[in-house]
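Survey of secondary and tertiary structure
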Amino acid sequence: MRILIALLIAVFIFGCASQGVRYTYDEIKNYPPDVQERIAKGEIALGMTKEQVRYAWGPPSTTRILTPEKGKQREEWVYSSSLGLLKSRLIFVDGKLTYIISNEQRIVNEE
């Protein structure tokens, strides 16, 4: 029983831990100021590139290449919690964030 409780506490602590540094200033310095600010706040917005989203949120839990649509490449990124619960599903079309399906609060739905 003690082992189970210790394991649950460890999962909770590691699940709540911050992602740490996801980028350096040199990596984002050439982005527009508003994009730099979003990345620094851990926010994403429609129109961001895959690289910008990765800097803001870190690597996704899973990725999947979707069937091209109207000749445009599509990719799905899923971010989920440490317990595997879906938090955010992002769809990129030709490398730009086009659709956000999420219950996450760190999103700015502006272009």
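Residues numbered from 1 in each chain as written. Predicted model: local features only at pLDDT ≥ 70, side-chain atom pairs only at ≥ 80, totals over all residues. Heavy atoms only, no water.

Section: helix H4 (residues 50-57)
Threshold: The buried label applies to any residue whose accessible area, calculated with a 1.4 Å probe on protein chains only, is under 20% of its type's maximum; exposed applies above 50%, and partly exposed to all values in between. In this description a helix means any DSSP run of H or I spanning at least four residues, a strand means any run of E spanning at least two, and both kinds are numbered starting from the N terminus.
Residues of H4 that are buried: Gln52, Val53, Tyr55, Ala56 and Trp57. Positive backbone phi, approximately 85 degrees, marks Gly58, located one or two places after H4.

Some points on the packing of aromatic side chains
The criterion, for reference: In this scheme Phe, Tyr and Trp rings, the latter by its six-membered ring, pair at centre separations within 6.5 Å, and the angle between planes marks the pair as stacked below 30 degrees, edge-to-face above 60, and tilted otherwise.
Scanning all chains against the criterion turns up 5 aromatic pairs. Residues Tyr31 and Tyr55 carry aromatic rings whose centres are separated by 6.4 Å and whose planes lie at 50 degrees to one another, so their mutual orientation is tilted. Of the two residues, Tyr31 is situated in the loop between helix H2 (25-28) and helix H3 (33-41) and Tyr55 in helix H4; the sequence distance between them amounts to 24 residues. Residue classification places Tyr55 among the buried positions, given a relative accessible area of 12%. Taking 4.7 Å as the distance between ring centres and 55 degrees as the angle between the ring planes, the aromatic pair formed by Trp77 and Phe92 counts as tilted. Of this pair, Trp77 sits in strand S3 (residues 72-80) while Phe92 sits in strand S4 (residues 86-93); the two residues are 15 residues apart in sequence, bridging distant segments of the chain. For the pair shown, Trp77 and Phe92 are each scored as buried. An aromatic cluster is built from Trp57, Trp77, Tyr79 and Phe92, whose rings are joined through pairwise contacts.

A short note on the nonpolar core
Going by this rule: The criterion is simple. A nonpolar core is a set of buried Ala, Val, Leu, Ile, Met, Phe, Trp, Tyr and Cys residues joined through side-chain atoms within 4.5 Å.
Of all hydrophobic cores here, the largest spans 16 residues; its most connected members are Ile39, Ile44, Met48, Val53 and Leu90. Elements that contribute at least two residues to this core include exactly H3, strand S1 (44-45), H4, S3 and S4. Counting residues per element, this core draws most heavily on H4, at 4 residues.

Some remarks on unusual backbone geometry
Phi is positive for Lys70, close to 55 degrees, though the residue is something other than glycine. Its place among the elements puts Lys70 in the loop between strand S2 (62-69) and S3. Residues other than glycine seldom take positive phi values, yet Asp94 does so here, at roughly 50 degrees. Structurally, Asp94 can be placed in the loop between S4 and strand S5 (96-102). Residue classification places Asp94 among the partly exposed positions, given a relative accessible area of 46%.

Observations regarding the pattern of salt bridges
Heads up, the condition is: Salt bridges are counted wherever a side-chain nitrogen of Lys or Arg sits within 4 Å of a carboxyl oxygen of Asp or Glu.
In the structure shown here, the tally under the stated rule is 7 salt bridges. Residue Lys41 pairs with Glu37 through a salt bridge whose shortest N-O separation is 3.0 Å. Of this pair, Lys41 and Glu37 both sit in helix H3, 4 residues apart, which is roughly one turn of that helix. Taking relative accessible area as the criterion, Glu37 reaches 45% and is therefore assigned partly exposed. Members of the salt-bridge network, linked through shared partners, are Arg64, Glu76 and Arg89.

Everything listed here is a matter of coordinates, which is why it stays silent on function.
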